[in-house]
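Chain by chain, the residues:
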Amino acid sequence: IGGCDGAEWSRNYYTDLADMTPDDSVILTLGCAKNRFIRNDKLRNATLVNGLPRVLDMGQCNDAYSAIVVAKELSKALGCDINDLPLSLALSHLEQKAAAVLLTLLHLGVKNIRLGPKLPAFISPNVLQILQKEYNLMPVSENPQDDLALMMSSEHKGNCSVRV
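Here is a short report on the structure shown in this document.

A short note on the overall build of the chain
For step 1, the next point in the chain: Scanning the chain for helices and strands turns up six helices and five strands.
For step 2, the next point in the chain: Ordering the α and β elements of the chain from the N terminus gives α-β-α-β-α-β-α-β-α-β-α.
For step 3, the next point in the chain: Expressed as a percentage of its 164 residues, the buried residues of the chain come to 41%.
For step 4, the next point in the chain: Total accessible area computed for the chain in this model is approximately 9400 Å², and 53% of it derives from carbon and sulfur atoms.

This is the structure:
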């Protein structure tokens with residue numbers, strides 16, 4: 001989960017998404033979004049059965065490379081492509097830094113990215129059609145629960161299994 005819900009407390013898509021994640025999942029986060037959800041009762045000090053923290057903070061938006069390195073190293077360790085990891089990306093687009101993160105991910109061939117709360121102005125309908133076809137880029141929906149169900153579905157989890 002990268003980016004932020006913004007200063008508007010009524011906009012809480014990424015906070016709700018984090019809160020709805022299963023107890024056996026890990027959230028790699030970067031950007032300001034974490035400032036809302038790392039303090040909620042469900043995720044504060046939450047760990048997996050092996051003691052690994054459920055929320056791994058990769059830093060601010062400018063530190064997106066750290067999250068990319070973690071995903072790439074995990075894929076190497078498991079002997080699979082980064083797009084075969086059971087990994088879902090939910091990015092918030094509010095400013096230019098987020099555009100740089102998105103373009104970096106696309107350059108690296110990362111697929112299945114959910115972007116919102118609104119698509120950037122530079123993604124015209126024609127550009128969106130190409131990004132959907134080539135990278136399966138998706139706008140987030142109005143309902144994080146629906147998006148999470150799709151993220152956790154067996155068809156989206158990839159061909160690489162991870163056990164913790």
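Structure shown, so let's carry the discussion forward.
A word on the pairing of strand β4 (residues 113–116)
For step 1, the next point in the chain: Burial along β4 is two-sided: Ile113 and Leu115 facing one way and Arg114 and Gly116 facing the other are all buried.
For step 2, the next point in the chain: Bridge count for β4 against strand β5 (residues 138–139) is two bridges, and the pairing is parallel. What sits directly across from Leu115, in β5, is Pro139.
For step 3, the next point in the chain: Taking the sense of rotation as the criterion, the β-α-β connection linking β4, helix α5 (residues 125–135) and β5 turns out right-handed.

Side note on the pattern of salt bridges
For step 1, the next point in the chain: Taken as a whole, this structure holds four salt bridges when the rule is applied.
For step 2, the next point in the chain: Here Arg54 ties to Asp23 by a salt bridge, and the two come within 4.0 Å at their closest N and O atoms. With Arg54 in the loop between α2 (34–37) and β2 (55–57) and Asp23 in the loop between α1 (13–20) and β1 (27–29), this residue pair connects regions lying 31 residues apart in the sequence.
For step 3, the next point in the chain: For Arg54, a relative accessible area of 1% corresponds to the buried category.
For step 4, the next point in the chain: Residue Asp23 is classed as exposed on the basis of its relative accessible area of 59%.

Some words on the side chain of Arg54
For step 1, the next point in the chain: Here Asp23 takes part through its backbone oxygen, which lies 3.5 Å from a polar atom of the side chain of Arg54.
For step 2, the next point in the chain: A polar side-chain atom of Arg54 sits 2.7 Å from the main-chain carbonyl oxygen of Ser25.
For step 3, the next point in the chain: Those residues within four positions of Arg54 in sequence are excluded, and the remaining contacts are Thr21, Pro22, Asp23, Ser25, Val26, Ile27, Lys42, Leu43, Ala46, Thr47 and Leu48.

Basis of the calculations
- Residues numbered from 1 in each chain as written.
- Predicted model: local features only at pLDDT ≥ 70, side-chain atom pairs only at ≥ 80, totals over all residues.
- Heavy atoms only, no water.
- Helix = DSSP H or I, 4+ residues; strand = E, 2+ residues; numbered from the N terminus.
- Buried < 20%, exposed > 50% of the residue type's maximum accessible area, 1.4 Å probe, protein only.
- Areas by Shrake-Rupley, 256 points an atom, 1.4 Å probe, with all protein chains shown as cover.
- Pairing = 2+ DSSP bridges.
- Right-handed = clockwise from strand over helix to strand, strands pointing away.
- Salt bridge = Lys/Arg side-chain N within 4 Å of Asp/Glu carboxyl O.
- Polar contact = N/O pair within 3.5 Å; in protein donor to acceptor, adjacent residues only side chain to side chain.
- Contact = heavy atoms within 4.5 Å.

Such coordinate-based values are descriptive only and should not be taken to indicate function.
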